[in-house]
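What the coordinates show
Given next are the chains, with one letter for each unit.
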Amino acid sequence: QVQLVESGGGLVQAGESLLLSCAASGSIFSRAAMGWYRQAAGKQRELVAGITSGGRTNYAGSVKGRFTISRDNAKNVVYLQMNSLKPEDTAVYYCNAHVVVAGVYDYWGQGTQVTVSS
């Protein structure tokens, strides 16, 4: 079982930055692929950025060059540094842990609101 708790959301102006954090419980964090997703009002949830257990990263085209995902396996935390924020980045951001250990499991945090004003 993995529990995820996001923090760091808030209201910012366009062009500003935010750092999201996702703290994970459980001993299998280092083996999990982690991801940040977002869901804007009236839209489907979409992948923003992902990082494998080995540290390889991937990004949605809309955030490439502005957002950076990283992880600290010693602290069981994954981060999303968001720079040059735009109003279209406004959404609820969710942390996801994808674990393949005796089966495939996906765990989600409760989400944190990010609002970017123009």
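Residues numbered from 1 in each chain as written. Predicted model: local features only at pLDDT ≥ 70, side-chain atom pairs only at ≥ 80, totals over all residues. Heavy atoms only, no water.

Looking at the overall build of the protein
When helices and strands are counted, the protein shows zero helices and eleven strands. Mapped in sequence order, the helices and strands of the protein form the string β-β-β-β-β-β-β-β-β-β-β. Relative to the compact-globule value of 13 Å for 118 residues, the protein shows a C-alpha radius of gyration of 14 Å, a close match. Seen along its three principal axes, the alpha-carbon backbone of the protein occupies a region of about 45 × 25 × 25 Å. Here the protein holds 118 residues, and 39% of them are scored as buried. Residue pairs in contact within the protein that sit at least 24 positions apart in sequence constitute 54% of those at least 6 positions apart. Summed over its atoms, the accessible surface of the protein is roughly 6,100 Å², and 49% of this surface lies on carbon and sulfur atoms. (Helix = DSSP H or I, 4+ residues; strand = E, 2+ residues; numbered from the N terminus. Rg over C-alpha atoms; globule rule 2.2 N^0.38 Å. Buried < 20%, exposed > 50% of the residue type's maximum accessible area, 1.4 Å probe, protein only. Contact = heavy atoms within 4.5 Å. Areas by Shrake-Rupley, 256 points an atom, 1.4 Å probe, with all protein chains shown as cover.)

So, the pairing of strand 11 (residues 112-117)
A regular strand carries its side chains on alternate faces of the sheet. Burial along strand 11 is one-sided: the face carrying Thr-112, Val-114 and Val-116 is buried and the face carrying Gln-113, Thr-115 and Ser-117 is not. Alignment of strand 2 (residues 10-13) against strand 11, held across four bridges, turns out to be parallel. Considered in strand 11, the bridge of Val-12 is made with Val-116. Direction of pairing for strand 9 (residues 91-100) relative to strand 11: antiparallel, over a ladder of three bridges. Within the sheet, the bridge partner assigned to Val-92 lies in strand 11 and is Gln-113. (Pairing = 2+ DSSP bridges.)

Overview of the nonpolar core
Ranked by internal contacts, the top residues of the largest apolar core, which has 31 residues, are Leu-4, Met-34, Trp-36, Leu-80, Met-82 and Tyr-93. Broken down by secondary-structure element, the contributors of at least two residues to this core are strand 3 (18-24), strand 4 (33-39), strand 5 (46-51), strand 7 (67-72), strand 8 (77-82), strand 9 and strand 11. Per-element accounting of this core gives the leading share, five residues, to strand 9. Contact partners of Tyr-93, with chain neighbours within four places excluded, come to Glu-6, Leu-20, Trp-36, Tyr-37, Arg-38, Val-48, Phe-67, Leu-80, Met-82, Gly-111, Thr-112 and Val-114. (Core = buried A, V, L, I, M, F, W, Y, C linked by side-chain atoms within 4.5 Å.)

A few points about the state of the cysteines
All chains considered together, the criterion is met by one disulfide. Between the sulfur atoms of Cys-22 and its disulfide mate Cys-95 the distance is 2.1 Å. Across the disulfide from Cys-22 to Cys-95, rotation about the S-S bond amounts to roughly -85°, and the bridge is consequently left-handed. Residue Cys-22 is found in strand 3, and its partner Cys-95 is found in strand 9; the two are separated by 73 residues along the sequence. Cys-95 matches Cys-22 in its accessibility class, with the two residues each being buried. (Disulfide = S-S within 2.5 Å.)

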